[in-house]
Amino acid sequence: MPITSQPRHLLSRYDVTVVGAGPAGLSAAVAAREQGAERILMVDRDPEPGGILLQCIHSGFGLHEFKQDVTGPEYAHLALERVIEQDVDVLTNTYVTDVTRDLRVKLMSPEAGISTLDTGSLVIATGARERTRAAIKIPGERPAGVMTAGLAQKMVNLHGYLPGRRAVILGSGDIGLIMARRLTLEGVQVLGVFELLPFASGLGRNVVQCLQDFDIPLHLSTTVVDIHGHQRVERIAVAPVDDDLVPQLDKSWDIECDTLLLSIGLIPDAELARQLQLNLDPRTGGPVVTSTMETSLPGVFAAGNNLHINDLADWVSQEARAAGAAAGDVALGRHRARQDVTVTPGRNVAYVVPHTLSTERSQTVSFRVKQPIYGDTMLHLGDAHKRKVRAVVPPEMVTMKVSPKLLDGFAGDTLRVDAIPVEEEES
Amino acid sequence: MTERTRAPDQHAGDEAETFVYLCTSCPLGCRLEVDAMDGDVIEVRGHSCKRGIKYGTQEHSDPRRAVSTTVWLHGGPCERLPVRAAEPVPKAQVREFVRSLSGLVVEAPVAFGAVLATDVAGTGIDLIATREIVAEREREPVG
Amino acid sequence: MGDDRVWDVLIIGGGAVGATLARALSRFHLDVALLEWQAEVAFGVSKANSGIVHSAMHASPDTLKGKLEYPGNLGWRQLHDELGFGLNNVGEVLVALDDEQLVRIEEIRQQGIRKGIPGTQAWTAERTLDAQPNLTREVKGAVWAPTACVFNPYEAVMLVADAARRNGVTIAEEQRVVGIDPPDAEDPDAPLTVRTETDVWRGRFVVNAAGLFADDIAEFAGVRDFKILPRKGEEYLLDKRLSGIVTSIIFPCPSPISKGTLVNPTVDGTIMVGPTAQTVDDKFDTSTTEEGAAQVFTNARKLVPTISERDIIAEFAGLRPVSDTEDFIVGPTDRRGFINAAGIQSPGLTGAPALADLLVDILADEGLELDEKDHWDPTAPHPVKFNQLPTEEQQALARRDPRYAHLICRCEIITEAEVRDAMDRGAHTLDGLKFRTRVGMGRCQGGFCTWGCMQLLAEHQGITIPEVTKRGTGTWIVCDRDDHPVTTARNGG
C-alpha cells in the first residue's frame, strides 16, 4: 500500500493523534475524520502501517468488518484503503516516547528527528506485548531457543527464518496454534502443544485446523517444568498439573527439542497509559474507559489490545471506531455523552469493557467468561437486559449491543454482567 | 489430549459407518457424528443447529481448508511475501500445495491480489498475493 | 597466536578481576593479552550478581577481602568518572528487626568505622521509615552507610576491558584454556605455554583470574591446592512500575553465613531482589528454581511487605567462585610466573580494582619491569545514555546523527546509535548488546527489538542472520529455511 499521505511537514498542533497503525489505529483515524476532525496524525513504529496484521498471514479476519474472510495483510490493506481516502497524515518508523498530561506528544523518527507537538485528543492504539518466560517463571537453564510465538511468527512470515528444527509450544493461545501449523508446513517438527489449563486457550477452529489436521498432539493440564541446554535448548521437561495447577514433578517426562515457543498470553501495552497515570483495570491490564473509550484523563482514548485483549481484529476495529469518533468530538469541543451507568463483572465474567455506559447513545459491552459453558447460557446486564446464547468459552470474547432504550431508568445504577447456564437459572 | 475426531479410512461395505468431527462453526464445538456409506453422508447427529449439518456433510465428503503461506520477496520492505490459495484447497493436498511453493521468488512491485501462480500442485487453484508491495523508490519518505 | 611471540603477561579470565588488571597493566610498556573463554568479556561471574559496590563495612579487616573492599569501592567510583558506566551512589540501609539484630548491626557499623568508612549513622526506627517509607513497620532501627553504590557490573567490566584495549591490551575471546605445558627442565626461566582450543599463547607471567574455573587452570599449571565451590545466587528483577519503592540498598541483618536477601534499586531504575546462596556442584548450573524464588520473596517481604512475585519481569542466577578457604587466594605459586587471583567471592566485585593494584605489585615483586607510558589515557569516550538526557540534548544528538532518532528498544528507549557504539566497543552477540545497552531488558524482554538487533549485528560483522548468536558458539537464534537462496552474504538489512 503506497503511503501517499506521509506528511511533508509535521504540524505543531493536531486535532487528533493516533498512536499505532494496527487495526485499532486505522479505524480510529477514519472515525475521527468522519466526525469532522481536520488535522489527524497517525504514528506507527514500523516501516509500514498495518501493525501485527502484517505477520498474521492466516485467514479468519474480516467477517464482521468487511463481510469476507480475509488474511491479516488483506485486512490491513482494506483498512488502510479507508484511511488513504481520508487523507490522514501517516508517520511511520516513528515512536511516541512520551505524552504529558496536557497532551504534548514527543515523537522520534530517523526521518523527522525528535519533535514535540500538541494534540486536542489522543487515541492510544499501541496493541499488546507477549508474556515471556520470566512472567511465568519457567525454571531451568537459559539457553538460546526460547522464543515467544509472536516473535517466531515475525521471523518466519516477514523475514524467512525458522526458529529451529524441533519445536515444542507452550500455551494453546491462537498464536501458538497458528504457529504450530505454520512451522509444520515450513518443515519444522512440532512435537506438541502444552496447555496448563484443562481447555485450549485458542479458538476451536484453530485446534481442529492447526493441530488435528497435522496430527500435532495437544496436551491439556500439562506444562513445561524445566529447560535444559548450556548453549541451545537441548531438551525440556513437561509434567501434568493437579487441580490447583501445581505441576506433578514425579510424573514429568523429557522431550528432546531445540526450540521452545511460548504462547502464554498477551498483555496490553500500557506504557503510555502508565506514563499518563491513567486509572488501570487490574483485570484487563488496560485503562478504565467510558462507553466512548475515553480514559480517566479527558481527551485520552484507548482502543484495541492495549485496552483489553481481543480475539478478533474485527472487534478491535469496531471498538476503535467508537474511540476515534469520540476523540474527534472532543477535539472539536462537542458535548460528551453522559456516563451515568456503571458496569462491573459478575458471575463467571473475567472483565467487562467499557467500565461505564451512557443512557444517551448506543454502545457495545465486551467481556470474557472465566469458565466455559457448553450449552445454553443467559447473559445478564443487571436487570436492564438479558440475552440467551448457545455457549460461551474463555477464548471467545462476548459482545452485547446496548441501546439507550435498554438503559432507560437505570441511570445512576451499577449493572452486573453475569454469564449463567440456563438450566441453573431455571432450577 | 483432545479427542481424536477423525475416524480411520473407511472400507467398502454395506453398512453405514460413523465418523466423528468437531464442529467449528461456533464456540459450542458440537461433537458431530456423521453416518456414511460408500462415501455418501446418510445422517448427521449431535448438531445443535443447521450449520452443524452443513459442516458435518462438507467435512466428511470434501474437507477443504483456507491455505495461506509466504514466498520469497525480492526488493520489498521484508524478505517474505504473504500469499494464499484463491479458494479452499482439499485438505489432503494442503501440504503438497505449500511444499510446491518452495523456492518461489517474487520480484517487487507486487499488486494486491496479483495472481502469482496458477494450478498450484495440480489443484487447479491459483496463488494470489495478499499484500501490496510498492517499488522501492515509492517507499522513500516524502518529507 | 601461532607465532613465537612472548607476552609479558597473559591474563586468563575476562571478568572484573581480569579486566581491571588488564587496564592497570596498560599503564606500562608491556605486552598484555587477556584470554576469555566466552564470546565476550564479563559473561561469567561478573555478569550475574547483585550489581553492588559494597559500603565496605561488612567484611572483616583481618581478611584480604576485607582489606581490599574499601579501596575497591573508591576504585570503582574513579573508574566510573573516567569511563562513564552507570553507577549510582544510593547508599545502604542495614535493617534490624529485633533487639539482637540492633546490637549486631551496630557491631558492623563499628567495624566499618575501624576500616575508615566515612559517614555511617545509626538510625532509629522512625528515621529509617522516614527515609524508606515502604519498609516493614517491624523495623527496630538501621545503620546507614552512604558509601554503597549500585552499578551495572557487566557494563563496567566491558568498558574497563575496552579501556584496556584502547591502551594496547589484546582482548582475545572464545579462548578456552585446555592446558599449560609443564616447566622446561632445561630452562626454568622459559615462558609459560598456555594452550587454548584454537591457539598457543606464551607468556612470562600468567595470572589466573578464571573465576569458577580457577581451580582447573591451577591444575593445568600443576599447582592446584584449592577447590572452587560454586555458590549459586538467584536474582529477580521487578517491573519498573515499582521504581522508588526503595531508594537505597536494603540489607537485612546478616547471618553468619550470608548477607541475606537484599532489596535494591538497580542503576537502571528497576528493583532487584535476591540473592539466594546455595552451593552447587555444576559450574554451569545457572538455573532458577521455584524454591529459590519462594525463598527470595519470603525474605524480601520481611523487609518490604508489598513486594510480589507478580511483578517479576526477569530472573537470573549467578555463581560465585567461593574457594574452600573462604578467602581470596592471591599471589605467586610454586610454578614460576604463575600467579593466582582465585576464589574471588563477595565482595570480590567491589574489591576488584584494588585487587588489580595488588596484583600489579605482586607481578613487580616477581620481576616484571614496570615502565610507565608517557601518554596513557585513563579516560575513554563515555557511552551516551540517551534515555537519561533532556529532550534538547536528545534533539541536538539526533540532528548530528539521525541514528539517535531511531529507536531500537521501546521499553528502555535505546537508539540505533547507542547499539552501534556498543558494537564498535566489542559487542558482537545479542547478550553483549543487551548487557551493554539494555536493549531487550525491559518489559517485553526482546519481543520487539530482537530482530532489529540481529540485523545490526549481522551488518556490523558481515555475517548472515543465522550466524548471529545469543552469546557465542552454539547459541544460534534462528536457522535458514531449506529453500534459502544460496547464502551470498545476505546482511538482512
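Residues numbered from 1 in each chain as written. Chains lettered and ligands numbered in written order. Predicted model: local features only at pLDDT ≥ 70, side-chain atom pairs only at ≥ 80, totals over all residues. Heavy atoms only, no water.

Caption draft 1: Main features of the overall build of chain A. Looking only at helices and strands, one finds nine helices and 26 strands in chain A. A compact globule built from 427 residues should have a C-alpha radius of gyration of about 22 Å, and chain A, at 22 Å, falls within 12% of that. Expressed as lengths along the three principal axes of its C-alpha atoms, the size of chain A is roughly 65 × 65 × 40 Å. When the 427 residues of chain A are sorted by exposure, 67% land in the buried category. Across chain A, the mean location of the 41 positive side-chain charges is 2 Å away from that of the 53 negative side-chain charges. (Helix = DSSP H or I, 4+ residues; strand = E, 2+ residues; numbered from the N terminus. Rg over C-alpha atoms; globule rule 2.2 N^0.38 Å. Buried < 20%, exposed > 50% of the residue type's maximum accessible area, 1.4 Å probe, protein only. Lys, Arg positive; Asp, Glu negative; His and termini not counted. Charge placed at Lys NZ, Arg CZ, Asp CG, Glu CD.)

Caption draft 2: Spotlight on the domain arrangement of chain C. All names here are of chain C. Examined at the domain level, chain C breaks down into domain 1 (1-88 + 150-227 + 324-382), domain 2 (92-146), domain 3 (230-246 + 256-320) and domain 4 (386-467). Computed from C-alpha atoms alone, the centre-to-centre distance between domain 1 and domain 4 is 29 Å. Counting from both sides, the interface comprises 14 residues of domain 1 and, opposite them, eleven residues of domain 4. Carbon and sulfur atoms make up 50% of the surface buried where domain 1 meets domain 4, a total of about 1100 Å² over both sides. Taken as a group, Glu-40, Tyr-154 and Met-158 account for 40% of the area that domain 1 buries against domain 4, more than any other trio of residues on that side. Where domain 1 packs against domain 4, one counts two salt bridges. Linking Arg-425 and Asp-162 is a salt bridge whose minimum nitrogen-to-oxygen distance equals 3.3 Å. (Domains from an automatic or database assignment. Contact = heavy atoms within 4.5 Å. Buried area = accessible area lost by both parts, 1.4 Å probe. Salt bridge = Lys/Arg side-chain N within 4 Å of Asp/Glu carboxyl O.)

Caption draft 3: Structural context of helix α6 (residues 204-211) of chain A. Counting buried positions along α6(A) gives six out of eight residues, so the element sits mostly inside the fold. In the core, the buried residues of α6(A) are packed alongside α5 (174-185), β11 (189-194) and β12 (218-219) of chain A together with β1 (17-22), α1 (50-61) and β4 (64-65) of chain B.

Caption draft 4: Inspection of the interface of chain C and chain A at higher detail. Between chain C and chain A, the residue contacts involve 56 residues of the former and 42 residues of the latter. Linking chain C with chain A are two salt bridges, by the criterion used here. In this structure, Asp482(C) engages Arg165(A) in a salt bridge whose closest nitrogen and oxygen atoms are separated by 3.5 Å. At the junction of chain C and chain A, the tally comes to 15 residue pairs in polar contact (both at pLDDT 80 or more). Sorting the residues of the side of chain C that touches chain A by element identifies α7 (290-303), β18 (312-323), α9 (391-400), β21 (407-409), α12 (450-461) and β23 (479-480) of chain C as the ones contributing at least two each. For the side of chain C that touches chain A, the residue count by class is 25 nonpolar, 17 polar and 14 charged. Where strand β9 (residues 161-162) of chain A meets β23(C), two bridges bridge the pair, whose relative direction is antiparallel. Bridge pairing in β23(C) places Leu162(A) opposite Cys479(C). (Polar contact = N/O pair within 3.5 Å; in protein donor to acceptor, adjacent residues only side chain to side chain. Nonpolar A, V, L, I, M, F, W, Y, C, P; charged D, E, K, R; others polar. Pairing = 2+ DSSP bridges.)

Caption draft 5: Representation of the sheet that holds strand β2 (residues 31-37) of chain B within the structure. All names here are of chain B. The antiparallel open sheet is built from three strands, whose spatial order is β1-β2-β3. Both edges of this open sheet fall to β1 and β3 (40-45), since each of them pairs with a single strand only. Each neighbouring strand pair of the sheet contributes to a mean axis angle of 30°, computed without reference to strand direction. Where β1 and β2 come together, six bridges link them in antiparallel fashion. Directly across from Leu-22, in β2, lies its bridge partner Arg-31. Contacting β1, β2 and β3, α1 runs over the sheet at an angle of about 50° to β2. (Axes fitted to C-alpha atoms, helices over the stretch in contact; angles between N-to-C directions.)

Caption draft 6: Fine view of the pattern of salt bridges. Residues and elements named next belong to chain C. Under the counting rule described, the total for this entry stands at 62 salt bridges over all chains. Across the pair Arg-224 and Glu-219 runs a salt bridge, and its minimum N-O distance is 2.9 Å. Assessed through its relative accessible area of 46%, Glu-219 is described here as partly exposed. A salt bridge links Glu-326 to Arg-231, with the nearest nitrogen and oxygen atoms 2.9 Å apart. One end of the pair, Glu-326, is in the loop between β18 and β19 (329-332); the other, Arg-231, is in strand β13 (residues 228-238), and 95 residues separate them in sequence. Under the relative-accessibility criterion, Glu-326 is labelled partly exposed at 37%.

Caption draft 7: Representation of the nonpolar core in the model. Counting residues in each nonpolar core, the largest one holds 83 residues, and the members touching the most others are Leu81(B), Phe97(B), Leu433(C) and Val439(C). Not counting the four nearest positions on each side in its chain, Val439(C) is found in contact with Ile408(C), Cys409(C), Ile414(C), Val419(C), Leu433(C), Lys434(C), Cys449(C) and Cys453(C). (Core = buried A, V, L, I, M, F, W, Y, C linked by side-chain atoms within 4.5 Å.)

Caption draft 8: Inspection of the domain arrangement of chain A at higher detail. Residues and elements named next belong to chain A. Domain boundaries assigned for chain A yield domain 1 (13-129 + 267-336), domain 2 (132-264) and domain 3 (342-426). One C-alpha centre belongs to domain 2, the other to domain 3, and the line joining them spans 34 Å. Taken together, the contacts link five residues of domain 2 with seven residues of domain 3. Across the interface of domain 2 and domain 3, roughly 360 Å² is buried in total on both sides, 72% from carbon and sulfur atoms. Three residues, Phe-199, Ser-201 and Leu-203, lead the burial of domain 2 against domain 3; their summed loss comes to 86% of the area buried on that side. Run the count over domain 2 and domain 3 and you get zero salt bridges. Across the domain 2-domain 3 interface, the total number found is zero residue pairs in polar contact (both at pLDDT 80 or more). For the side of domain 2 that touches domain 3, a count of residues per class yields three nonpolar, two polar and no charged.

Caption draft 9: Examining the confidence of the model for chain A more closely. When pLDDT is averaged along chain A, the result is 93, and 98% of the positions lie at 70 or above. Within the model, pLDDT remains below 50 along residues 1-5 of chain A, and this stretch shows 19 contacts once partners closer than five positions in the same chain are excluded. (pLDDT = per-residue confidence, 0-100.)

Caption draft 10: Here's a closer look at the packing of aromatic side chains. For the structure shown, the criterion picks out 17 aromatic pairs over all chains. Between Trp7(C) and Trp201(C), the aromatic rings sit 5.7 Å apart at their centres with planes inclined by 45°, giving tilted as the arrangement. Here Trp201(C) lies in strand β12 (residues 200-208) and Trp7(C) lies in strand β1 (residues 6-12), a separation of 194 residues in the sequence. The exposure classification of Trp7(C) matches that of Trp201(C), with both residues buried. Between Trp123(C) and Trp144(C) the ring centres are 5.2 Å apart and the planes differ by 5°, which places this aromatic pair in the stacked class. Placement of the pair is Trp123(C) in strand β6 (residues 121-124) and Trp144(C) in strand β7 (residues 141-145), with a sequence separation of 21 residues. Of the two residues, Trp123(C) and Trp144(C), neither departs from the other in class, the shared state being buried. Through a chain of ring-to-ring contacts, the aromatic side chains of Phe61(A), Phe66(A) and Tyr75(A) assemble into a single cluster. Sitting over the face of the ring of Phe448(C), Lys154(A) holds its NZ or CZ atom 4.6 Å from the ring centroid. (Phe/Tyr/Trp six-rings, centres within 6.5 Å; stacked < 30°, edge-to-face > 60°. Lys NZ or Arg CZ within 6 Å of the ring centre and 35° of its normal.)

Caption draft 11: Inspection of the environment of Val288(A) at higher detail. Residues and elements named next belong to chain A. Its location among the elements puts Val-288 in the loop between α7 (271-275) and β18 (300-302). Put simply, Val-288 and Glu-141 are 147 residues apart on the chain and 39 Å apart in space, counted from C-alpha to C-alpha. If near-sequence neighbours (up to four positions away) are discounted, Val-288 is found in contact with Asn-279, Leu-280, Asp-281, Glu-294, Thr-295, Ser-296 and His-355.

Caption draft 12: Quick look at empty space enclosed by the protein. Summed over the entire model, instances satisfying the criterion amount to six cavities of 30 Å³ or more. Taken as a whole, the largest cavity encloses approximately 130 Å³ of empty space. In terms of lining residues, the largest cavity is bounded by 14 residues, among which Arg181(A), Leu185(A), Ala66(B), Val67(B) and Ser68(B) are the most central. For the lining of the largest cavity, the leading source of residues is α5(A), giving four residues. Here the residues of the lining of the largest cavity sort into seven nonpolar, three polar and four charged. (1 Å grid on protein atoms, 1.4 Å probe; cavity = no way out; pocket = protein on both sides within 12 Å on 5 of 7 lines; lining within 4 Å. Points joined across faces, edges and corners; volume = space filled by probe spheres on them.)

Caption draft 13: Geometry of the confidence of the model for chain C. Residues and elements named next belong to chain C. Per-residue pLDDT for chain C has a mean of 93; in total, 98% of the residues score no lower than 70. Counting interchain partners and residues more than four positions distant, the pLDDT-below-50 stretch residues 486-493 has 20 contacts. Overall fold confidence for the complex sits at a pTM of 0.90, while the interface term, ipTM, reaches 0.93.

Caption draft 14: Inspection of the pairing of β12(C) at higher detail. All names here are of chain C. Sheet analysis places β1 next to β12, joined by six bridges and oriented parallel. Across the sheet, the residue bridging to Trp-7 is Gly-203, located in β12. One ladder, built from four bridges, connects strand β11 (residues 192-196) with β12; its direction is antiparallel. Bridge pairing links Arg-195 to Val-200 in β12. In sequence, β11 turns back onto β12 through a hairpin of three residues. Direction of pairing for β12 relative to strand β20 (residues 338-342): parallel, over a ladder of three bridges. What sits directly across from Val-207, in β20, is Ile-339.

Caption draft 15: Broad picture of the packing of helix α1 (residues 16-25) of chain C against helix α2 (residues 64-83) of chain C. All names here are of chain C. Between α1 and α2, the shortest axis-to-axis distance is 13 Å and the interhelical angle comes to 65°. At the point where α1 passes α2, the crossing takes the left-handed sense. From α1, Ala-16, Thr-20 and Arg-23 reach across to α2, where they touch Trp-76, Leu-79, Glu-82 and Leu-83. Split by residue class, the contact of α1 with α2 holds four nonpolar, one polar and two charged. (Left-handed = near helix turned anticlockwise from the far one by under 90°.)

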